[in-house]
Every structure is written in C-alpha cells, then in structure tokens.
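So the chains spell out like this:
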Amino acid sequence: MENEKTRLPLLDNEGRVIYIVHSSLMSKPKKNENDEVEVMDTSKTMEEFISDNKEIVGKIHWVKENDIIENVQKIMKDDTNCKDVFVENESDQLVGWVTDTLILRFIGAKKN
C-alpha cells in the first residue's frame, strides 16, 4: 500500500532542508483579504513561490536524536507554523524526519 505524500521538502544548494511545502498549498486555492480566490501564476519560479507564500510555507526545526520527545513537541507547539522537525546525529548528519502528527500519535499511544 502506497502512503499518500502530503509534504515536499525543499533543499538548499548543500542539500539541507530549508522549507516544507504542504500539498494543500498547491492544491487548495489561495484567497486574498476579500476572500476571493487568487489565480496561481504557474510561470513563477520556486524561489518566487516561496517568497510570496512565506507565511504558509512550513517552517521547520532541527533537533538532535537524543532530544526528549516532549521537548520537541513543545518546540512545535510554540511555533504554530512548524509541523516538521528534522533529526540530526552527533555529526550533524540528517537521520530522520518527524511530523507533528507522528509525535501526537506517539504521545497518545504512550498515555494508553
């Protein structure tokens, strides 16, 4: 069974994740302050797209693999635009990607 992918990480020139684009940003119409649907300009570059949508392009945080999960959840709660954290080992190498929903499921399972 294939999982539905809802997030697209965007990398910098060194391969480090700098943004997350959620599928809803691409699939749902964006509305202006008058609640009117804005037509997406598909000729824009990704750089222009991110610049125009900074307030809704997912913010990320980096944590170490030995960080306590409750502290990671607090980081995400304190930053309402953060839905993803990337996990690095002691050598600063990417070893994981954790979403807000995965953390909630994990904490919920531990309480039961």
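For the structure itself, consult the block above.
**Student:** Quick question: what am I supposed to make of the packing of aromatic side chains here?
**Tutor:** Note on aromatic pairs: each is described by the distance of the centres and the angle between the planes. Under the criterion given, the structure shown has two aromatic pairs. Pairing Trp 62 with Phe 86 gives two aromatic rings, centres 5.5 Å apart and planes at 35°, and the pair type is tilted. With Trp 62 in strand S5 (residues 59-64) and Phe 86 in strand S6 (residues 82-88), the pair connects residues that are 24 residues apart, well separated along the chain. Centroid distance Phe 86 to Trp 97: 5.1 Å. Interplanar angle 25°. Geometry classified as stacked.

**Student:** Would you mind going over the pattern of salt bridges with me for this structure?
**Tutor:** Think of it this way: side chains of opposite charge can pair up when their charged atoms draw near. Following the criterion strictly, the structure yields six salt bridges and no others. For Arg 7, the salt bridge goes to Asp 100, with nearest N and O atoms at 3.1 Å. With a gap of 93 residues between them, Arg 7 in strand S1 (residues 7-11) and Asp 100 in helix H4 (residues 100-111) connect regions that are remote in the sequence. Classification of Asp 100 as buried rests on a relative accessible area of 18%. Of the charged contacts, one joins Arg 16 and Glu 88 as a salt bridge, the two residues approaching to 2.8 Å between their closest N and O atoms. Here the residue Arg 16 occupies a position in the loop between S1 and strand S2 (17-22), and Glu 88 occupies one in strand S6, the gap between them amounting to 72 residues. On the basis of relative accessibility, which here comes to 35%, the residue Arg 16 falls in the partly exposed class. Several salt bridges share partner residues, and in doing so they unite Arg 16, Lys 64, Glu 88 and Asp 92 into one network.

Thresholds applied
Residues numbered from 1 in each chain as written. Predicted model: local features only at pLDDT ≥ 70, side-chain atom pairs only at ≥ 80, totals over all residues. Heavy atoms only, no water. Phe/Tyr/Trp six-rings, centres within 6.5 Å; stacked < 30°, edge-to-face > 60°. Helix = DSSP H or I, 4+ residues; strand = E, 2+ residues; numbered from the N terminus. Salt bridge = Lys/Arg side-chain N within 4 Å of Asp/Glu carboxyl O. Buried < 20%, exposed > 50% of the residue type's maximum accessible area, 1.4 Å probe, protein only.

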